[in-house]
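Secondary and tertiary structure notes
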Amino acid sequence: MTHTEDQVAGLLLAAGGGRRLGGRPKALLTHRGRPLVEYAVEVLRTAGCARVHVVLGAAADAVRERARLEGCVLVTNPEWERGMGSSLRAGLDSLAGTGARAALVSLVDQPGIGARAAARVLGAYRDESSLVSAAYDGVRGHPVLFGAAHWAGIAATATGDRGARAYLKAHEEAITLVECGDVADPYDIDTAEDLVHLE
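Please read these numbers as outputs of a predicted model, since none were measured by experiment.

The next thing to look at is the overall build of the chain. Broken down by element type, the chain carries 7 helices and 9 strands. Counting only C-alpha atoms, the chain reaches 40 × 35 × 35 Å along its principal axes. Contacts spanning at least 24 positions in sequence make up 70% of the contacts within the chain whose residues lie at least 6 apart. Carbon and sulfur atoms make up 47% of the accessible area of the chain, which totals about 9100 Å². Here the chain contributes 21 positive and 25 negative side-chain charges, whose respective centroids are spaced 1 Å apart.

As structure tokens, this is what we get:
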């Protein structure tokens, strides 16, 4: 296990209820023949995360039943309806005391962002003070890597669907941007129209 694999945990936010998809939980949408959550875990593992924590919310029991998530730490966010911020907090809380020095955070509804982009962001990890973000034509996107020194500050400002946005805006000068536009496509699966992106 490399220095990075040992120290950086993958954190997959997969709690969304798919409100604009008619209430179909995003984790259970099918992509390449399996639930999207399974595909997203595989991306983090292929990128180099030996430990993966998955935050579940909507239909958590059905996800546990239908998706093969062996070896993952499954975290249920009872407040998932309050938005991504609550899932990010639940995920970071679950990493406390694990020895992880950073979290590589990805979203279940972005299957166009594969292992190559995640590995690039992971490759920019240095230590607990690292703050790294993928960029697409210079615009910040996912995945993002948060060194443990930032977790408390992120948790304190993560509200609603904003996740870490406020914290990142306040610490813009500290962020290492890693261009990924040549290897990934950062679309979201939010509406029925977006389902065309699933394979």
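For the bond running from His142 to Pro143, omega is -5°, close enough to zero to count as cis. Here Pro143 lies in strand E8 (residues 139–147). The phi dihedral of Arg32 is positive, around 50°, even though this residue is not glycine. Take Arg32: it is sitting in the loop between strand E2 (30–31) and strand E3 (34–35). Taking relative accessible area as the criterion, Arg32 reaches 48% and is therefore assigned partly exposed.

Below, the discussion takes up the pairing of strand E5 (residues 73–76). As paired strands, strand E4 (residues 52–56) and E5 are joined by 4 bridges and run parallel to one another. Each bridged residue has a counterpart across the sheet, and for Val54 the counterpart in E5 is Leu74.

Time to look at the nonpolar core. In this structure, Leu12, Val37, Val54, Leu104 and Leu145 are the most contacted members of the largest nonpolar core, which totals 46 residues. No other element matches helix H2 (residues 36–47), which puts 8 residues into this core. Excluding residues within four positions of it along the chain, Leu145 makes contact with Val8, Ala102, Ala103, Leu104, Val121, Leu122, Tyr125, Ser130, Leu131 and Val132. In terms of nonpolar packing, the next biggest core, distinct from the first, is built from 24 residues, Ala9, Ala103, Leu131 and Val144 among them.

Further remarks concern the environment of Ala174. By secondary structure assignment, the location of Ala174 is in the loop between helix H7 (165–170) and strand E9 (176–179). On the basis of relative accessible area, Ala174 is assigned to the partly exposed category, the value being 38%. Residues Ala174 and Ala103 lie 71 residues apart in sequence; the distance between their C-alpha atoms is 16 Å.

Procedures and definitions
- Residues numbered from 1 in each chain as written.
- Predicted model: local features only at pLDDT ≥ 70, side-chain atom pairs only at ≥ 80, totals over all residues.
- Heavy atoms only, no water.
- Helix = DSSP H or I, 4+ residues; strand = E, 2+ residues; numbered from the N terminus.
- Contact = heavy atoms within 4.5 Å.
- Areas by Shrake-Rupley, 256 points an atom, 1.4 Å probe, with all protein chains shown as cover.
- Lys, Arg positive; Asp, Glu negative; His and termini not counted.
- Charge placed at Lys NZ, Arg CZ, Asp CG, Glu CD.
- Buried < 20%, exposed > 50% of the residue type's maximum accessible area, 1.4 Å probe, protein only.
- Pairing = 2+ DSSP bridges.
- Core = buried A, V, L, I, M, F, W, Y, C linked by side-chain atoms within 4.5 Å.

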